[in-house]
Amino acid sequence: MFANNHHGDGHVAVWVPAPPGIQATLIEGSNKTYFKPPYVGGRGWVGIELAEISDADLNFHIQTAWTLVAPKQLLKLAQANASASTQSGDAKRSE
């Protein structure tokens, strides 16, 4: 979820679900980048301040969040496609 100064909180951020136990670790490690968002923070979601995170790290968090909420069948298909893509890339490198 994208939030732009939600109720005047000053954050331009995304809120994403995080794996169990990760929210507190992220916030304690970098409270300038991560925060506990309202409404969904009690369920383990984490707020990510967009001005404070690299594109690569943001991509990682979004991909991780997607794996937590994606329908199981769609997740299985995506993992199979990623595996096939990796195997195809390995085959090209060994040629």
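The structure we're discussing is the one just above.
This one's a predicted model, so the numbers in the text were calculated from it and none came from an experiment.

Quick notes on the rules
Residue positions are given per chain, counting from 1 as you read along its sequence in written order. Predicted model: local features are reported for residues with pLDDT of at least 70 only, side-chain atom pairs are reported and counted for 80 or more only, and whole-chain, interface and lining totals are derived from all residues. The basis for the side-chain values is all heavy atoms of the structure; hydrogens and waters are excluded. Helix numbering and strand numbering both begin at the N terminus, where a helix is a DSSP run of H or I of at least 4 residues and a strand a DSSP run of E of at least 2. Our radius of gyration looks at C-alpha atoms and nothing else; its globule reference is 2.2 Å times the residue count to the power 0.38. Only protein chains enter the calculation, and the probe is 1.4 Å; a residue is then buried if its accessible area is under 20% of its type maximum, exposed if over 50%, and partly exposed in between. Whether two residues touch is decided by their heavy atoms; if any such pair falls within 4.5 Å, the residues are in contact. The method behind every accessible area is Shrake-Rupley, applied with a 1.4 Å probe, and residues are considered shielded solely by the protein chains displayed. In this tally Asp and Glu are treated as negative and Lys and Arg as positive; neither His nor the chain ends contributes. Charged groups are reduced to one reference atom each: NZ for lysine, CZ for arginine, CG for aspartic acid, CD for glutamic acid. Put simply, buried Ala, Val, Leu, Ile, Met, Phe, Trp, Tyr and Cys residues joined by side-chain atoms within 4.5 Å make one nonpolar core. Helix span, expected: 1.5 Å multiplied by one less than the number of residues in the helix. Directions are taken from the helix axis to each C-beta atom, and the arc is the one they span. Two strands qualify as a pair provided DSSP detects at least 2 bridges between them.

(A) A look at the overall build of the chain. Scanning the chain from terminus to terminus reveals 3 helices and 4 strands. Order of helices (α) and strands (β) in the chain, N terminus to C terminus: β-β-α-β-β-α-α. Taken over the C-alpha trace, the chain has a radius of gyration of 16 Å; the compact-globule value for 95 residues is 12 Å, which it surpasses by more than 25%. The C-alpha extent of the chain, read off along each of the three principal axes, is 55 × 25 × 25 Å. Out of the 95 residues in the chain, the part that is buried amounts to 29%. Within the chain, contacts between residues at least 6 apart in sequence are counted, and of these 41% link residues at least 24 apart. Put simply, the chain shows about 6,500 Å² of open surface, and 56% of that area lies on carbon and sulfur atoms. Counting 7 positive and 8 negative side-chain charges, the chain places the averaged centre of each group 11 Å from the other.

(B) Up close: the nonpolar core. The biggest cluster of nonpolar side chains holds 10 residues, and these are Val 14, Val 16, Ala 18, Leu 26, Tyr 34, Val 46, Ile 48, Ile 53, Leu 58 and Ala 65. Of all elements in the fold, only strand E2 (12–16), strand E4 (46–49) and helix H2 (55–69) reach the threshold of two or more residues within this core. Within the second largest apolar cluster, 5 residues are counted, among which are Ala 3, Trp 15, Phe 35 and Val 40.

(C) Layout of the environment of Trp 15. Here Trp 15 shows up in strand E2. Of the residues examined, Trp 15 reaches a relative accessible area of 2% and is grouped as buried. The sequence separation of Trp 15 and Pro 38 amounts to 23 residues, and the corresponding C-alpha distance is 9.5 Å. Excluding anything up to four places from it in sequence, Trp 15 contacts Met 1, Ala 3, His 6, Phe 35, Pro 37, Pro 38, Tyr 39, Val 40, Trp 45, Val 46 and Gly 47.

(D) Focus on H2. Counted at 1.5 Å a residue, the expected span for H2 with its 15 residues is 21 Å, and the 21 Å between its end C-alpha atoms agrees. Buried within H2 are the following residues: Leu 58, His 61, Thr 64 and Ala 65. Burial along H2 is one-sided: seen end-on, the buried residues are contained in an arc of 130°. Opposite the buried face of H2, at more than 90 degrees from it, the exposed residues are Asp 55, Ala 56 and Phe 60. Looking at the packing, one finds that the buried side of H2 touches E2, helix H1 (22–29), strand E3 (34–35) and E4.

(E) Up close: the sheet that holds E2. Overall, antiparallel pairing links the 4 strands, which are arranged E1-E2-E4-E3 in an open sheet. The sheet terminates laterally at strand E1 (2–4) and E3, the two strands that pair on one side only. When E2 meets E4, the two strands line up antiparallel, connected through 4 bridges. Each residue of the ladder has a partner; that of Val 16, found in E4, is Val 46.

The quantities given are spatial measurements derived from coordinates; they are silent on function.
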